[in-house]
Amino acid sequence: PPSLSCVCVCVCVCVCVCCQGELKPYTDRLALPPPTPRPPPGGRSSCSFGGRFYSLEDSWHPDLGDPFGIMHCVQCRCEPQRSRKGKLLGKVSCRNTKQDCPEPSCTNPVSLPGRCCRTCAQGEGGREDFLLDTFEFLHEKEGDLHKSYNDGSYLSSEDVPPREGQTDFVALLTAVPESRPPVSSGVARARLSLSGNSLVFSITFLRMDRPSRVLIQDSEGNVVFQFRVSRSDLICGVWKNVPKSQEHLLQAEQLRVSMTTGGNKQEEIQGRIVKHRALFAETFSAVLTSEEEHSGMGGMAMLTLSDTENNLHFILLFQGLLQGRERPLVPIRVQLRYRQLVLREVRANVTAHDPDFAEVLDDLNSRELFWLSRGQLEIAVETEDSDPRRISGFVSGRKSCDTIQSVMSSGDALTPGKTGAVGSAIFSLHDNGSLDYQVQVAGVSSQVVGVTVEMKPRRRSKRSVLHDLSGEYAGGRAAGRWGRMEARHIHMLLQNELFVNVATVDHPEGELRGQIRSLLYGGPHASRDELPVLLGGQLVSPPVATGAGGHAWVSVDEKCHLHYEIVVSGLSKSEDSPVDAHLHASAEIGELDRGGPAHKRLLTSFYGSQAQGVLKDLSAALLRHLDRGTAFVQVSTKQNPRGEIRGRVRAANGCRSGSGFEAGEPGFDDETEEPKRDPRSCFFEGQHHAHGSRWTPHYNNCFACSCKKKTVICDPIICPTLSCTHTIQPEDECCPVCHVETMEPRALDVREAVEEHPEGCYFEGDQKLHAPGTTWHPFVPPFGYIKCAVCTCKGSTGEVHCEKVTCPPLACGQPVRRSPSDCCKVCPGEGGPPPPPPPHAELMQADGSRHCRFGKTLYQDGERWHPHVSLVGEMKCITCWCDNGVTKCQRQQCPVLTCHQIIHRRGGCCPECEGQDGEGVAGVWA
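In this report, the structure presented in the accompanying data block is examined.

The rules behind these values
- Residues numbered from 1 in each chain as written.
- Predicted model: local features only at pLDDT ≥ 70, side-chain atom pairs only at ≥ 80, totals over all residues.
- Heavy atoms only, no water.
- Helix = DSSP H or I, 4+ residues; strand = E, 2+ residues; numbered from the N terminus.
- Buried < 20%, exposed > 50% of the residue type's maximum accessible area, 1.4 Å probe, protein only.
- Contact = heavy atoms within 4.5 Å.
- Areas by Shrake-Rupley, 256 points an atom, 1.4 Å probe, with all protein chains shown as cover.
- Salt bridge = Lys/Arg side-chain N within 4 Å of Asp/Glu carboxyl O.
- Pairing = 2+ DSSP bridges.
- Phe/Tyr/Trp six-rings, centres within 6.5 Å; stacked < 30°, edge-to-face > 60°.
- Lys NZ or Arg CZ within 6 Å of the ring centre and 35° of its normal.
- Polar contact = N/O pair within 3.5 Å; in protein donor to acceptor, adjacent residues only side chain to side chain.
- Disulfide = S-S within 2.5 Å.
- Core = buried A, V, L, I, M, F, W, Y, C linked by side-chain atoms within 4.5 Å.

Looking at the overall build of the protein
In terms of helices and strands, the protein carries 6 helices and 68 strands. Every one of the 926 residues in the protein was classed for burial, and the buried ones make up 47%. Of all intrachain contacts in the protein linking residues separated by at least 6 positions in sequence, the fraction that spans at least 24 positions is 56%. Total accessible area computed for the protein in this model is approximately 46,800 Å², and 49% of it derives from carbon and sulfur atoms.

What to know about the pattern of salt bridges
Within the structure shown, the criterion is met by 21 salt bridges. Close ionic contact of Glu247 with Lys244 constitutes a salt bridge, the shortest N to O distance being 3.2 Å. Taken together, the positions of Glu247 and Lys244, both in helix H1 (residues 244-251) and 3 residues apart, correspond to about one turn of that helix. Lys244 matches Glu247 in its accessibility class, with the two residues each being buried. Note that Glu454 is salt-bridged to Arg463, the shortest N-O span being 2.7 Å. On the basis of relative accessible area, Glu454 is assigned to the buried category, the value being 1%.

Notes on the sheet that holds strand S4 (residues 59-60)
In spatial order, the strands read S4-S5-S6; together these 3 strands make up an open sheet with antiparallel pairing. Where the open sheet ends on each side, the last strands, each with one partner, are S4 and strand S6 (88-96). Relative to strand S5 (residues 74-82), S4 runs antiparallel, the two sharing 2 bridges. Bridge assignment links Trp60 to a residue of S5, and that residue is Cys76.

With respect to the packing of aromatic side chains
Counting across every chain of the model gives 6 aromatic pairs. Between Tyr859 and Trp865, the aromatic rings sit 3.6 Å apart at their centres with planes inclined by 5°, giving stacked as the arrangement. On the basis of relative accessible area, Tyr859 is assigned to the buried category, the value being 13%. Relative accessible area serves as the criterion here: at 8%, Trp865 is assigned to the buried category. One cation-aromatic arrangement involves Arg646 over Phe632; the distance from NZ or CZ to the ring centre is 5.0 Å.

Let's talk about the side chain of Arg344
Residue position: Arg344 is located in strand S21 (residues 341-350). For Arg344, the side chain forms a polar contact with the main-chain oxygen of Asp363, separated by 3.0 Å. A distance of 3.0 Å separates polar atoms of two side chains, one belonging to Arg344 and the other to Glu368. Residues in contact with Arg344, not counting those within four places in the same chain, are Val334, Gln335, Leu336, Leu361, Asp362, Asp363, Leu364, Asn365 and Glu368.

Re the state of the cysteines
Counted by the stated rule, this structure contains 15 disulfides. A sulfur-sulfur distance of 1.9 Å marks the disulfide that ties Cys791 to Cys802. In this structure, the disulfide formed by Cys791 and Cys802 twists by about 105° around the S-S bond and is classed as right-handed. Remark: Cys802 occurs in strand S57 (residues 799-804) and Cys791 occurs in strand S56 (residues 789-794); sequence separation between them is 11 residues. On the basis of relative accessibility, which here comes to 0%, the residue Cys791 falls in the buried class. Overall, Cys802 belongs to the partly exposed group, its relative accessible area being 37%. For Cys880, the disulfide goes to Cys889, at an S-S distance of 2.0 Å. Taking the sign of the S-S torsion, about 105° here, the bridge from Cys880 to Cys889 comes out right-handed. The exposure class of Cys880 is buried, given its relative accessible area of 0%. A relative accessible area of 17% means that Cys889 is categorised as buried.

What to know about the pairing of strand S42 (residues 631-637)
Across the 7 residues of S42, 7 count as buried, placing the element largely inside the fold. The alternating pattern of S42 places Ala631, Val633, Val635 and Thr637 and Phe632, Gln634 and Ser636 on opposite faces, both of which are buried. When S42 meets strand S43 (residues 645-649), the two strands line up antiparallel, connected through 5 bridges. Looking across to S43, one finds that Phe632 is bridged to Arg648.

Some words on the nonpolar core
Counting residues in hydrophobic clusters, the biggest one holds 59 residues, and the most contacted among them are Leu316, Val334, Phe357, Ile379 and Val439. Once residues within four sequence positions are removed from consideration, Val334 is found in contact with Phe314, Leu316, Arg344, Glu345, Val346, Phe357, Ile379, Ala380 and Val381.

Concerning unusual backbone geometry
A cis geometry characterises the amide bond from Ser541 onward to Pro542, with omega recorded as -5°. With respect to the element layout, Pro542 can be found in the loop between strand S36 (533-536) and strand S37 (549-556). Positive phi values are uncommon outside glycine, yet Arg207 reaches one of about 60°. Looking at where Arg207 falls in the secondary structure, it is placed in the loop between strand S11 (198-206) and strand S12 (211-217). Judged by relative accessible area, Arg207 falls into the partly exposed class, the value being 31%. Positive phi outside glycine occurs at Asn496, with the angle close to 60°. A residue is classified by how much of its surface remains accessible, and Asn496, at 19% relative accessible area, is buried.

Observations regarding the environment of Val614
Mapped onto the elements of the fold, Val614 is located in strand S41 (residues 610-615). A relative accessible area of 30% places Val614 in the partly exposed class. Along the backbone, Val614 and His563 are 51 residues apart, and their C-alpha atoms lie at a distance of 4.6 Å. Excluding residues that lie within four positions of it along the chain, Val614 makes contacts with His561, Leu562, His563 and Tyr564.

Shown next as structure tokens:
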């Protein structure tokens with residue numbers, strides 16, 4: 001089926017030697033097909049489906065692309081299976097889930113977009129309760145938001161879906177229970193987020209010396225990850241390329257995190273990593289400690305405010321408080337205190353097996369809310385028995401290593417526009433409720449008259465302004481501190497419910513606007529303490545009128561490697577692209593010479609609105625330009641291929657000889673001229689590659705690229721399965737290797753693995769191991785099966801030998817090919833009737849008949865049909881046809897109905913008005 005079309009975006013860094021005057025436009029664009037999706041790192045088995053890789057036991061709804069879309073009634077799963085040789089493989093299994101749908105309780109159920117099962121209309125079958133035990137989440141009403149405003153940029157925390165593929169965890173760390181008496185009084189709270197295959201963590205701790213190491217261990221005590229602590233106030237780290245086996249243990253809550261101190265005083269605290277239902281709503285937190293030395297007691301509190309009322313919801317987790325209690329039920333008292341004054345008190349009976357304790361404090365008054373915002377409220381838990389024990393801690397805004405930031409663009413303004421201006425804001429929240437801010441603006445159409453932090457507007461002419469930053473604005477920037485933030489405002493800030501608005505003379509209601517969001521911690525090289533580089537349409541040469549904006553952080557480390565993070569908003573999309581199409585982007589880096597075309601380098605390829613990565617082999621000239629500030633980050637789209645938004649970059653560095661090149665080696669600037677002259681050579685990532693050459697691309701070291709007659713083919717590297725139990729991920733390599741301490745053999749690449757195990761041959765085209773002595777027609781992406789070549793596996797050496805099929809000379813003048821899959825032609829009448837066409841016949845020869853293959857069926861040119869999709873059946877609402885060898889499909893267009901009673905007849909494609917038999921239907925064709 002056709003693949004989902006996507007919007008192509010290019011992000012490039014261009015360097016100008018002279019900053020005076022207008023920059024020379026690009027004359028040599030880098031034209032690349034969308035990159036092959038990256039397989040899971042570390043050699044883990046996976047499944048490939050629809051051009052994407054899925055890890056073992058992953059499940060998904062298949063996306064068949066436009067016009068079919070996502071099949072919400074079909075669920076696919078990557079099931080683990082073992083081959084005859086015991087190798088773990090992945091197999092895709094799909095099933096129709098429509099028969100699992102419950103029977104609706106109402107008389108007229110409806111089908112909602114994005115869902116498989118029919119459900120009752122709102123108000124007919126009862127409302128859904130969005131309650132999470134005592135945590136309450138109430139949707140805001142938007143009926144008074146005027147329709148002329150840009151509704152799309154006003155999403156409450158409930159409207160914004162959780163970040164795709166991200167799962168949050170938490171751990172409470174206390175003294176090791178096995179050590180009696182405990183050797184530490186320390187207590188820590190760790191918040192962890194699994195995003196993709198990286199585990200990001202933020203750890204706060206009290207009553208212990210600075211930790212030297214953070215360890216993650218399995219249930220048997222084996223260390224699976226180790227992190228050295230470089231700062232003491234808030235520990236931030238990333239575990240990259242988490243193995244799938246450890247990811248399963250993490251999801252099953254079978255991993256523990258521990259921290260140890262160095263020096264003479266050895267301390268260790270640890271706790272189990274668990275999921276918790278309160279994490280996504282938490283906006284305030286507290287770490288609870290005991291005044292007793294080495295008590296082994298500790299706890300934490302996760303708190304949030306109701307969205308509409310001043311109710312404070314909290315959940316407590318504690319360790320050691322109920323240790324050694326003989327009674328099954330232990331009475332406890334929870335107090336909310338200001339200094340020595342008890343404000344609220346809750347009593348309850350709990351057991352030692354209770355994982356947590358939850359409660360609601362109703363209707364906080366103005367004084368309590370003020371003390372909450374200033375971090376002056378203390379929460380205490382105390383047992384009420386003959387041996388009372390007590391832990392307590394101060395409540396403050398949720399601590400995290402994430403960056404609170406906002407990209408402001410004209411496309412997200414109250415009245416959307418395309419001025420090409422851009423704004424950026426960075427925030428830092430302190431324990432006392434004060435908020436530091438830095439705002440920068442560029443390219444606005446007229447003088448800035450207002451910079452404000454706002455809520456969602458309630459009426460057309462009534463903006464909800466919380467704080468005015470205009471007094472601090474001068475010269476395109478505003479920096480200062482908001483010192484009187486209310487508890488409600490802190491809650492909204494951490495729930496992504498606040499906005500930055502920039503008003504100008506020409507746009508008094510706002511020329512720029514952006515939602516304040518948290519950006520997940522990017523690692524130790526993410527230079528987010530500094531203001532990012534602005535990316536705007538007015539900064540492109542010549543300027544571009546666009547509603548998009550963005551910002552980027554760029555830095556160069558001590559190894560002369562370039563680290564970058566890019567965040568964009570409102571990029572242009574094709575009019576024919578589906579609304580839910582992913583935004584596909586490519587990042588380049590290069591230099592623009594005074595008299596020649598730009599040399600460009602690909603940084604990365606990404607989906608979504610964010611990109612980050614590392615470029616390790618920069619030329620000395622490019623590093624000098626970065627140091628001088630004569631470099632530019634540029635984002636290009638299909639509508640603006642010469643750049644839609646751009647920003648000037650300066651990355652200070654002391655590099656002189658470039659990165660990734662030894663002295664005397666030919667670098668980026670010493671490129672030979674021979675590949676340039678060869679008409680069959682390929683230009684990729686700013687470099688020319690000779691025909692037949694192979695290399696590892698800069699954007700991803702887990703791919704291998706080759707050049708064949710001006711076409712670049714990049715295939716994923718398949719990592720070998722390691723026999724050791726402890727593996728590490730080298731920084732500059734794709735595949736993991738065995739840890740040195742285990743004395744296991746080092747990891748081998750594919751060719752070495754085949755030499756070590758000469759029972760077969762690995763062919764890179766189809767990425768399969770072939771048995772010794774077997775022959776096959778090679779499959780070469782993107783060309784398919786090549787029937788005019790035959791490959792043989794030489795079992796003795798493990799080598800693949802391929803040779804071209806030699807066709808015999810023919811005496812007739814008009815030879816024909818009996819089948820489109822045949823390599824050689826024959827004279828008419830020879831060899832009997834033609835055999836049935838084999839699979840992939842249409843991929844073999846260009847001069848055969850122009851058939852179309854859909855599924856397992858061949859269609860003649862001009863033939864039309866309704867596609868048949870496995871597990872779904874015939875899709876009568878979609879018509880496909882064969883157009884000169886190309887399959888094209890289109891969904892039937894339905895009218896937009898204006899009647900109130902709309903029905904969907906079984907077997908029909910379009911909804912109808914109830915009581916109409918095809919005549920007089922009121923509607924407008926979309």
